[in-house]
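Architecture and fold: a report
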Amino acid sequence: MKWSHSMLMNRFLFTVIFFAFWGCKDEDNAIVDRNYQLVWEDDFAGPAGAAPDPAKWTYDIGTGPGNNGWGNNELQYYTDRPENVALDGAGNLAITARSESYAGRAFTSARLNTKGAFDQAYGRFEARIKMPWGPGIWPAFWMLGSNIDEVYWPQCGEIDIMEYRGQQPNLVHGSLHGPGYSGGAAITKSFGFTNDRFDVDFHVFAVEWAEDYIDYYVDNTLYQRIRPENVPGEWVYDQPFFIILNVAVGGNYVGFPTPQTPFPQTMLVDYVKAYKEVN
Amino acid sequence: MKNIKYQTSALALLATLAIWTVISCKRDIEDLDPASFPTTAEVFIDGFSAGLNYGAFGGSKVTAFDVDTEVKYKGAASMKFAVPDAGDPQGAYAGGSYFTAVGRNLSGYDALTFWARASKAATLDVVGFGNDFGESTFLVTLEGVPVNTNWQKYIIPIPDPSKLTQERGMFFYSEGPEDGLGYTFWIDELKFEKLGTLAHPRSFILEGQDQVFSAETGQKLDIGGLKATFNLPTGVDQSVKPAPAYFSFSSSNTSVASVSSTGIVSVVDSGTAVITANLGSRPAIGSLTVNSTGQAVGPTTAAPTPTVNADSVISLFSNAYNNVPVDTWNTRWQFSTAEDFDIQIAGDDVKRYRKLNFVGIEFSSKTINASAMTHFHIDLWTPDPTELPAAFKVLLVDFGANGTFGGGDDASHELSFTRPTLVSEQWVSLDIPLSNFAGLVNRAHLAQLVLSGDLPNVYIDNVYFYNAGPVAPTGPTVAAPVPTRNPADVISIFSDTYTNIAGTDFNPNWGQATVVSQVSVAGNNTLRYAGLNYQGTQFANNLDVSGMTHLHLDFWTQNSSNLNIFLISPGPVEKPFSLTVPTSGWASVDIPLANFAPVALDNLIQFKFDGNGDIYLDNLYFYKNGGGGTIPTTAAPTPAFNAANVISVFSDAYTNIAGTDLNPNWGQATQVTQTPVAGNNTLLYTGLNYQGIQLGSNQDLSNMTHLHLDFWTVNSSSLKVFLISTGPVETPFALSVPTNGWASVDIPLSSFAPVNLADVFQFKFEGNGNIYLDNILFYKTGGGTIPTTAAPTPAFNAANVISVFSDAYTNIAGTDLNPNWGQATQVTQVPVAGNNTLLYTGLNYQGIQLGSNQNLSSMTHLHLDFWTANSTALKVFLISPGPAEKSYTLTVPTSGWTSIDIPLTEFTPAVNLADVFQFKFEGDGNIYFDNILFHN
């Protein structure tokens, strides 16, 4: 999710979007039945307006360590206020981006992570999510290597299970950032609907991750498999990663919101689950 | 950029229709089941789709549309639209609709889509679908569509596809020049699609607002602000304007307000109703809460008619005057919520304001010079509470010599009026001296009147400036009748006839607007209330009138529409009595003091009048009736009818119908007794509520003309007599009560229609109080339908007479007693007991053309003798050239010959007495006349 600040790269990203569909004959992308055992989850049960379980989630507050929009020129100020992050009382986590003047920024939103509470190497990581929409809205479900404070990004590695641009509500994107292939050079693929959208119903986004592959799923569709030989640099995915959920507003990846962008915008997360593969 | 109306008439369509019909080779609709409609999605791909026609809108440039094979997005051709320059003589804009003769079933699609580009960046005024050049029931409009020189895809969502099962309007557009310049745009690949990527449908009424509207019964409100919004596949919301037919409207309370399928709300009663709507299965955002106050409360009587001479008036609004031009009665200035209505109250034009916070009334186009005026007058009526601090404010603005707002020469002043000047639910007349508008330093260029304050509902009338100086409203020319009561029985407040109680203050300052004066009327001192709102009278000492029975008062007014008198005892305890106004000459009233309960009659402190108009008062006194008794001390007058002409029910003077029950048990509370009064048997009803009389036998009264009654009461305030025939069929006749001594009444039996006079079997009385009755009988006049005696011979000195028709005098020569004015009346001269008499048979109207024009200036009266047994209406008119005529009503039918001497002043000023040339009679029945003459 950290992108180099390059217009050229941006242009490249915006123009090289392609679709992958279940049913292609690529042997490499064949679905594999694997046995998984649930090891961690949050189903976001609780009363409306309550904060999610503090034993599981901590917050990133503000505009990032360099005050540069978390490295991406994102426009929002992240808070832990219930206006931006709360349970909805119907079993979902609601992360809400608002258009409001706050701490010098024109938008607020929230970003949660499990750093220090839960991390894991390998297994299946999934979340059931209904997207927000509108130009400049950039929700994500992703992971960072737990050693980020020692080796820094991108050496720690980044697995983007789902990213989405509000101006393309029928597309999601799965990516992998590592040393030598980060930012605009990340390994990425998109999955899309021709006559449906991700903001009208819940969908399950997942990766299945082992020593020699990371498989990207939307619902039951495997649309991308990345193997160590597919990355142009070091494979840094043999150590624990923690989970992140956020809704950004603006930034290099998504572009600016427009006057037509409806606010507020809420990403609803029904659950997040992590599994270990068992034999 | 031009706004286009889409109700293009069929004629306009025919005038400009350019029909394009292209047969598709891809689909053969002939093979389809005739009951279903084609689902063809394509409108224009590379040409017209099956059955598609084009019609240009009225006033548009008909040739604006063409098919272009060079510029296209895809395929072989596109639609090209050449928007004309402003002022193009062939049409001011490009616009038209593509429609089919047979509807298409579009319910399987969710949008109309197309690609478009233009020769320059521009904004299309409107595009859409559903315009079928007919009712366009399911019209959808997308406004303000940006286009540029690149091909872009456009999506017009269908608000509810299930509605479009046989839609004929495939696409329409309308676009005018941009900044006066024409340009070209192209549309291609125009088709309906099932995108599946339109999300988050929302619909709105009233732009999504929850509006609250104060309304009243009969009002109609249009639910506007209809909108349907979808999120496009680009994540951007797009809103279209759907026709009302896409929505289903509903009311939470249809007994208060109903709503039609087109969103028209009809308020039917008081209460609250919430109007909401659904689009498809989803509720629309926005609602209209109708708070209905029910039927509007307004005046039922006209405002007092102004009496100021028109020469002294500059009127803005009055039926009594010619009004000067007023630009507007509602300038609708910013923040003004006032709504104005022109209404009529009792035939009089009235301005009504509702939701009045302030309203500008402007006459700046032609300013008013009120320099010579002294007063501003306005009548107002409000249903709103007028308790303090509620105020009504009047602001006058003068624009100064430059005649326009500003410029340093403007002047204005505002006056505020509160209770007690303001009164709810009655006409209040404000006569405001212009000098009170202290800041209005000049008034030669008055341009605005601004009304404001705390009364949201105001009716106004008679808005005018006037000069009160030399011309005062007219008053009575004759004195009030001189009282005849024994001074020993009287406590007088204001009368020249009696010694008045000392020290009365006739104008205590109670904050009233009324101007009180004492004026001499024909030498008689009279109390005048000008511009009455209310007016008190303060007695010097508390007054004990408990020994009195009545309050007497004479009053005169031409312009009051409301007048009440109050007696007041400490507390204050007060009680009004309503006086009938306006009066015809002096009116006298004797009000039983019982009417003023619970006022303490032994401790009166004050009088009060309220109402409106200019009032003259005289002979205000209390008296006791008949020596203070509540029983008559004299017998009823003995009737003098020929017994042969009488059917008597209750009288000592005649033989009464045998077997009559004077107290049948009809459940009444009345006590019935017979009691001698001065030796004469009299019927007494005590504590009347109602009371019947059952005649001993059914009576045929066909030959009778009148019911005669004598009655006496000091405390009844209501009394009616009913005649009843079998059925029962009954009709009441109201008797004037209380009486001043015995009252005799002769009621024409025709008054009791539709009672069957051939079969009368009961009487009934209704009312209250204690009543003495005598000489209840029927009689017929004259014993027949022709007079048997001659009219009495007049005894005027011939030197003082100008005679028209009389044996006793020399008549004007050459008079035509039967000029042909188209009348139905038959005129004959017949001898009656040897005396020549003029007979009108079957009168509708009848003229008399005098032999020469007569100067009657020296005459004082018109004398007439007349006789009729069957006339129910008769008027005599005097006519001078013009013609100028005035009528005088004669009392009919008569009991024998009636002689009348009518003061000629009854016919003035309408008739010029120096130049009278005709008579006219109007009415019905057969009438005998004699001795038609003028005398002094």
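Owing to the predicted nature of the structure, the values given are computational and were not obtained by experimental measurement.

**Focus on the overall build of chain A**
A tally of helices and strands in chain A yields three helices and 17 strands. The proportion of buried residues among the 279 residues of chain A is 57%. Across chain A, contacts joining residues at least 24 apart in sequence account for 74% of those joining residues at least 6 apart. Summing over all exposed atoms, chain A offers an accessible surface of approximately 11100 Å²; the carbon and sulfur share of this is 52%.

**With respect to the overall build of chain B**
Helix and strand counts for chain B stand at one helix and 62 strands. Counting only residues that meet the buried cut, chain B has 51% of its 936 residues in that class. Expressed as a percentage of contacts within chain B between residues at least 6 apart in sequence, the contacts between residues at least 24 apart total 76%. When the accessible surface of chain B is split by element, carbon and sulfur atoms take 50% of a total near 38600 Å².

**Things to note about unusual backbone geometry**
Omega for the peptide link from B:R419 to B:P420 comes to 10 degrees, which places this bond in the cis form. Mapping B:P420 onto the fold places it in the loop between β29 (411-418) and β30 (428-433). Omega for the peptide link from B:A597 to B:P598 comes to 10 degrees, which places this bond in the cis form. The residue B:P598 is located in the loop between β40 (587-592) and β41 (604-611) in this model. Of note in the backbone geometry, A:Y152 takes a positive phi value of approximately 65 degrees without being a glycine. Relative to the helices and strands, A:Y152 resides in the loop between α3 (148-151) and β10 (158-163). We classify A:Y152 as exposed; its relative accessible area is 55%. Although it is not a glycine, B:F335 sits at a positive phi angle of roughly 75 degrees. Mapping B:F335 onto the fold places it in the loop between β23 (313-317) and β24 (339-345).

**Describing the packing of aromatic side chains**
Residue and element names in this part refer to chain B. Inspection of the entire model under this criterion finds 67 aromatic pairs over all chains. When the ring of Y73 is compared with that of W115, the centres are 4.1 Å apart and the planes differ by 10 degrees; the resulting orientation is stacked. Taken together, the positions of Y73 in the loop between β3 (65-68) and β4 (78-83) and W115 in strand β6 (residues 111-118) put the pair 42 residues apart, joining distant regions of the chain. Taking relative accessible area as the criterion, W115 reaches 23% and is therefore assigned partly exposed. With centroids separated by 5.4 Å and ring planes inclined at 85 degrees, the aromatic side chains of F99 and F133 adopt a geometry described as edge-to-face. Here the residue F99 occupies a position in strand β5 (residues 94-104), and F133 occupies one in the loop between β7 (122-129) and β8 (140-147), the gap between them amounting to 34 residues.

**Things to note about the interface of chain A and chain B**
Each partner contributes to the interface: chain A provides 15 residues, whereas chain B provides 13 residues. At the boundary of chain A with chain B, total buried surface from both sides reaches about 920 Å², with 56% on carbon and sulfur atoms. Where chain A meets chain B, there are zero salt bridges. Summed over the shared surface of chain A and chain B, the number is four residue pairs in polar contact (both at pLDDT 80 or more).

**Overview of the sheet that holds strand β12 (residues 199-204) of chain B**
Residues and elements named next belong to chain B. Pairing is antiparallel across the open sheet formed by eight strands, whose spatial order is β2-β5-β10-β7-β8-β16-β15-β12. Looking at strand neighbours, the two that pair on one side only are β2 (52-56) and β12, the edges of this open sheet. Taken pair by pair, the neighbouring strands of this sheet meet at an average axis angle of 25 degrees, ignoring direction. Here β7 pairs with strand β10 (residues 167-175) via three bridges, running antiparallel. Residue G128 lies in a different strand from β10, and its bridge partner there is F172.

**Details of the environment of B:P831**
You can see B:P831 is positioned in strand β54 (residues 826-832). Residues B:P831 and B:A790, spaced 41 residues apart in sequence, show a C-alpha to C-alpha distance of 8.5 Å.

**Quick word on the sheet that holds strand β18 (residues 257-259) of chain B**
Residue and element names in this part refer to chain B. Taking strand neighbours across the sheet as the criterion, the three strands line up as β14-β19-β18 in an open arrangement whose pairing is antiparallel. Bordering the open sheet on either side are β14 (220-222) and β18, each of which pairs with just one other strand. Between one strand axis and the next, the sheet turns through 20 degrees on average, direction left out of account. Of the pairings in the sheet, the one linking β14 to strand β19 (residues 264-267) comprises three bridges and is antiparallel in character. Bridge pairing in β19 links D222 to I264.

**What about the pairing of strand β15 (residues 227-231) of chain B?**
Residue and element names in this part refer to chain B. Counting buried positions over the five residues of β15 gives four, a clear majority of the element. By the bridge criterion, four bridges tie β12 to β15 in an arrangement that is antiparallel. Counterpart to A199 in the pairing with β15 is N231. Following β15, the chain reverses through five residues before pairing antiparallel with strand β16 (residues 237-242); G235 in that reversal takes a positive phi of roughly 80 degrees.

**Points about the nonpolar core**
Counting residues in each nonpolar core, the largest one holds 70 residues, and the members touching the most others are B:Y98, B:Y173 and B:F192. For B:Y98, the residues in contact, after removing those within four places along its chain, are B:F48, B:L52, B:N53, B:Y54, B:F65, B:M79, B:F81, B:R168, B:G169, B:M170, B:F171 and B:Y173. Formed by 53 residues, the second largest nonpolar core is a distinct cluster that contains A:A97, A:V172, A:V231 and A:V269.

**Digging into the environment of A:M131**
Residues and elements named next belong to chain A. Structurally, M131 can be placed in the loop between β8 (123-130) and β9 (137-145). Distance from M131 to Y164, taken between C-alpha atoms, is 8.2 Å for residues 33 residues apart in sequence. The residues touching M131, leaving out its near neighbours within four places in the chain, are P139, M162, Y164, V172, F198, D199, F205 and T266.

**Regarding the pairing of β24(B)**
All names here are of chain B. Bridging between β24 and strand β25 (residues 348-354) involves seven bridges; their strand directions are antiparallel. Paired with D342 across the strands is K351, a residue of β25. Hairpin remark: β24 followed by β25, antiparallel, with two residues in the connecting loop; positive phi at A346, about 50 degrees.

**Notes on the pattern of salt bridges**
Residues and elements named next belong to chain A. What the rule picks out here adds up to 28 salt bridges over all chains. We note a salt bridge from R124 to E126, for which the minimum N-O separation is 2.5 Å. Residue classification places R124 among the buried positions, given a relative accessible area of 13%. A relative accessible area of 6% means that E126 is categorised as buried. One connected set of salt bridges, linked through shared partners, spans R34, R124, E126, E208, D215 and R225.

**Structural notes on the side chain of B:Q426**
Within the fold, B:Q426 resides in the loop between β29 and β30. Among all residues touching B:Q426, those that are not within four sequence positions of it are B:L380, B:W381, B:N562 and B:G611.

**Quick notes on the confidence of the model for chain A**
Of the residues in chain A, 89% have a pLDDT of 70 or more, and the chain-wide mean is 89. This model gives residues 1-27 of chain A a pLDDT under 50, and the stretch forms 61 contacts once residues within four places in sequence are excluded.

**Describing the environment of B:K886**
Residues and elements named next belong to chain B. Tracing the chain through its elements places K886 in strand β59 (residues 884-890). By relative accessible area, K886 is classed as partly exposed at 32%. With 11 residues separating them along the chain, K886 and K875 place their C-alpha atoms 9.7 Å apart. With residues up to four places along the chain from it excluded, the contact list for K886 reads V876, F877, L878, E906, F907, T908, A910 and V911.

Calculation criteria
- Residues numbered from 1 in each chain as written.
- Chains lettered and ligands numbered in written order.
- Predicted model: local features only at pLDDT ≥ 70, side-chain atom pairs only at ≥ 80, totals over all residues.
- Heavy atoms only, no water.
- Helix = DSSP H or I, 4+ residues; strand = E, 2+ residues; numbered from the N terminus.
- Buried < 20%, exposed > 50% of the residue type's maximum accessible area, 1.4 Å probe, protein only.
- Contact = heavy atoms within 4.5 Å.
- Areas by Shrake-Rupley, 256 points an atom, 1.4 Å probe, with all protein chains shown as cover.
- Phe/Tyr/Trp six-rings, centres within 6.5 Å; stacked < 30°, edge-to-face > 60°.
- Buried area = accessible area lost by both parts, 1.4 Å probe.
- Salt bridge = Lys/Arg side-chain N within 4 Å of Asp/Glu carboxyl O.
- Polar contact = N/O pair within 3.5 Å; in protein donor to acceptor, adjacent residues only side chain to side chain.
- Pairing = 2+ DSSP bridges.
- Axes fitted to C-alpha atoms, helices over the stretch in contact; angles between N-to-C directions.
- Core = buried A, V, L, I, M, F, W, Y, C linked by side-chain atoms within 4.5 Å.
- pLDDT = per-residue confidence, 0-100.

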